[in-house]
Amino acid sequence: MRRSLTFAVLAAALLVSAASAASPRKDLTVAEALRPGAFGGGQPREVTWAPDSKAFYYLEPGAKGKAGDLMACDPATLAKTPVLTQTAFREAFAQLANLKGEEAAQAAFRSYRISPKGSYLLLETSGGPCLWNLATRTLKRLATEEEGAETVAFSPDETRVAFTARGNLYAEHLADGARTTLAEGKAPFITCGAVDWLYGEELDMDRALWWSPDGTKVAFLRFDETGVYQDPMVDESVNHPEVKPQFYPRPGDVLPRVSLHWVQAEGGPVHDVAGAVSGGGYLPRALWLPRGTGLLYALYNRAQDRLVLYQAGLEAGEPRKVLEEAWPTWVNVPPDPMFLKDGRFLWLSERDGTSHIYLCSLDGKPPLQLTRGPWVVDAILGVDEAQGRVVFSCGRDGATGCQIYRTDLKGEKETRLSDGRGWHAATCSPDASWYLDSASSAAVPDVLSLVSLKDGKARVVAPNPAPELEEYGFVRPEFMTITTPDGTALNAWVIKPRDFDPAKKYPVIAEVYGGPHAQIVQDRWNGRWIPIGQLFAQNGFVCFAVDNRGSARRGKAFEDVLFKRLGKAELADQLAGLEALKKLPYVDGSRIGLWGWSYGGFMTTYALTHAGAYACGFAVAPVTDWLNYDACYTERYLKLPKDNPEGYKDSSPVNGASGLHVPYYLAQGLMDNNVHFENSARMADALYKAEKPFLMAYYPRMDHGIAGKEARRDLFTRMLEFFKANLKP
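To start, this report covers the structure provided alongside it. Numbering of residues begins from 1 in every chain and follows the order in which that chain's sequence is written. Local features in a predicted model are, by the rule used here, given only for residues with pLDDT of at least 70; side-chain atom pairs are given and counted only at 80 or more, and totals for whole chains, interfaces and linings are based on all residues. Think of the side-chain values as coming from all heavy atoms in the structure, minus any hydrogens and water.

Moving on, we get to the pattern of salt bridges. Whenever a carboxyl oxygen of Asp or Glu lies within 4 Å of a side-chain nitrogen of Lys or Arg, that contact is scored as a salt bridge. Tallying each qualifying case throughout the model produces 31 salt bridges. The partner of Lys556 in a salt bridge is Asp560, and the shortest N-O contact between them spans 2.9 Å. Each member of the pair, Lys556 as well as Asp560, is classed as buried. Arg682 is paired through a salt bridge with Asp625; the nearest N and O atoms lie 2.7 Å apart. Residue Arg682 is found in helix α13 (residues 678-689), and its partner Asp625 is found in the loop between β41 (616-620) and α11 (631-638); the two are separated by 57 residues along the sequence. Sharing partners across several salt bridges, the network here consists of Lys140, Glu172 and Arg179. Each residue's exposure class comes from its accessible area (1.4 Å probe, protein chains only) as a fraction of the maximum for that residue type: buried when under 20%, exposed when over 50%, partly exposed otherwise. Helix and strand definitions here come from DSSP, where helices need a minimum of 4 consecutive H or I residues and strands a minimum of 2 consecutive E residues; each element is numbered from the N-terminal end.

Next comes the structure, spelled out in structure tokens:
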């Protein structure tokens, strides 16, 4: 295929090899490594197609990683036109909200969404959601920040929007602002149309209300959190600390009761959708049938080993089962089905052990498998029904990369559209005539190209030469394959110091995540984490990572090894990686440190309390007791505590504190609403009782990402100095 143009541009941005840094180059500091968008960040953000496929929109890269102006680009000519500048928005918003001075100067929109016909922009702003009329170039404030509008959705004809505020569901006419209450909640315990934390974090649900195709009705989820545990999040940074409760069911706790309903868009009685109640489990997917005659929804049992897709009409009656997914361990919840015009739909399923595309029908007939093989389909990108072809992204050419493919609706022929190298993140136009391809590698930042699905021709939209990479002497990662004692192949990479001397023995900083839904070893650019690895390498460390069994994009059997016991199988693979690493002539096997964040923090803590292979470790926001993490995630892998008490006990590092024999650093944000601070507090208590010395750093007001500029700089400064002190590069 004709993909040479993109990678001709990529080739112009080569990183230095480990042995070629003869000329003086700048040295990274912690602050520079963390500077947003500093390295390879010159690419468009939030690229979105117009509904008619006649343009695509994007945010230009702004200063210091902030959002820039919104642009439109014509795919036929690649002519670019400003749509909304930050200056124009700032002036309109300052007038609308009566802001002056510094307050007005700080006004900005951070992201956008295009309405169904392309007439409006829904803007996420510092002062709440706003609507920008593209024809009149006027701004309308949808709701004040105090009202807290959530899950805003346009009606198909763009005359109204529906949204949730303070637990209630509303519809508002755009012409005159007239607002109708569609459903009443009782915040904070009962909310209508807004996703709670658990569903958003663990079930990848980003909305809980849907307009019918004809715009006459609104379907929504009702969340009833009555009886659900509320974690008392406390902001200790103020004179009078405030408690901010968060609904956060833990393993074995009461789950939120979620139900699906619909209501006329002009108001009236709220109707239940037959059978659409989570019961003791979950209701993780819902959408209208294409003609609006009913709804499709999924029920997921609490054990998460069975998911059933149902259809229900608008009148009373029994729902009808469409298909079922079941697996002995757990079922990963797939994305929404993609409907075709004839009523059939495309569905991602792991029923054969890896994620593949199936063509299904509502009548319950056996689905037709369109793709197959020992590799995963990541996403269905688009469908050209006239040509009978489906475009998708996958790991067919290796799990460290992602490529774009096309197949037919008979499942007879697959064709690769991308070039087979690196990582391709694509966005298909609604009419499936084009796709935008953001192509990168672990050594070369993203380059955005427009590819024609008619003739395969590619044109570069946004080159990204990134001279700063050579200026700072970034080193190309070296990929390797490690074989475990039982013959399993694991993907790994090594980054050597910039001024590498093959005669020297270097200490190692190993990074780990180790859990499901994630990979570290990918042949793609990550402007947030790659500079950190380069920072370590420039300070005299070899950087190393291996993706153990349990991590993503290798299929169910690869993931399932961690079932009912977290940490043990993952650590065994990490140790196999270390054994291979120690055989490299330039590695000092006695000076290997480990670090990780979230599940990686858990793995770091688990490894240091269960193995003697590491010289030190730095854990950020770790789960230390799985009884303290959320029910949905934890029960998926460990099941209910009453059914697997030993699994919970043996998987929790807090119970192995006496096994710590090397320097250990524990860091976390005090307002972490994902892995709650109780995990660090309990680990600290266990270490005190075991008389094990350790270091700690806790960050006021910071959540799971510790995203504050000063806090993040302090975190990585501490980390770098900790490894220097203990590994002595």
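Resuming the write-up.
Below, the discussion takes up the packing of aromatic side chains. Aromatic contacts are taken between Phe, Tyr and Trp rings whose centres are within 6.5 Å, Trp giving its six-membered ring; a plane angle under 30 degrees counts as stacked, one over 60 as edge-to-face, and the others as tilted. Counted according to the given criterion, the structure contains 44 aromatic pairs. Consider the rings of Trp597 and Phe716, whose centres lie 6.3 Å apart with planes at 35°: the pair is tilted. Linking Trp597 in strand β40 (residues 587-597) with Phe716 in helix α14 (residues 709-727), this pair joins segments that are 119 residues apart in sequence. As far as the burial class goes, Trp597 and Phe716 line up, both buried. Here a set of aromatic residues connected by ring pairs shows up, and it is made of Trp197, Tyr248, Trp330, Tyr513, Phe563, Tyr599, Phe602, Tyr606, Trp626, Tyr629, Tyr633 and Tyr637. When the ring centre of Tyr358 is taken as reference, the NZ or CZ atom of Arg351 above it lies at 5.3 Å. Both a distance and an angle decide whether a charge sits over a ring: NZ of Lys or CZ of Arg must be within 6 Å of the ring centre and within 35 degrees of the ring normal. Taking the ring centre of Trp330 as reference, the NZ or CZ of Lys556 above it sits at 3.8 Å.

Moving on, we come to the sheet that holds strand β11 (residues 168-173). Criterion used throughout: strands pair if DSSP finds at least two bridges between them. Spatially, four strands are ordered β9-β10-β11-β12 in an open sheet, and the strand pairing comes out antiparallel. The open sheet has two edge strands, β9 (150-154) and β12 (179-183), and neither has a second partner. Going across the sheet, the axis of each strand differs from the next one's by a mean of 25°, ignoring polarity. As paired strands, strand β10 (residues 160-165) and β11 are joined by six bridges and run antiparallel to one another. Counted as the bridge partner of Phe163 is Tyr170 from β11. Between N-to-C directions, angles span 0 to 180 degrees; the directions come from axes that are lines fitted to C-alpha atoms, helices contributing only their stretch in contact.

So, about the layout of surface pockets. Roughly 1,300 Å³ of internal volume is contained in the second largest pocket. A 1.4 Å probe that fits into a set of points on a 1 Å grid over the protein atoms alone but cannot get out defines a cavity; an open set with protein on both sides within 12 Å along at least five of seven lines defines a pocket, and lining residues are those with an atom within 4 Å of a point. What lines the second largest pocket is a set of 41 residues, among which Pro36, Gly37, Gly41, Arg45 and Gly65 lie closest to the centre. Residue assignment for the lining of the second largest pocket shows that the elements contributing at least two residues are α2 (30-33), β1 (45-49), β32 (423-428), β33 (434-440), α7 (530-538) and α14. If you tally residues by element for the lining of the second largest pocket, the top one is α14, at four residues. Residue classes in the lining of the second largest pocket are distributed as 19 nonpolar, 11 polar and 11 charged. Grid points are joined across faces, edges and corners, and a volume is the space filled by probe spheres set on the points. Residue polarity is assigned by list, with Asp, Glu, Lys and Arg as charged and Ala, Val, Leu, Ile, Met, Phe, Trp, Tyr, Cys and Pro as nonpolar; anything else, Gly included, falls into the polar class.

A few words on the pairing of strand β29 (residues 389-394). Counted residue by residue, β29 has five buried out of six residues, so it is predominantly covered. Where strand β28 (residues 377-384) meets β29, six bridges bridge the pair, whose relative direction is antiparallel. Looking at the pairing, Val377 lines up with Cys394 of β29. Here β28 folds back onto β29, and the loop between the two strands holds four residues, one of which, Gly388, carries a positive phi near 65°. With six bridges joining them, β29 and strand β30 (residues 403-408) adopt antiparallel strand pairing. The partner of Val391 across the bridge, within β30, is Arg406.

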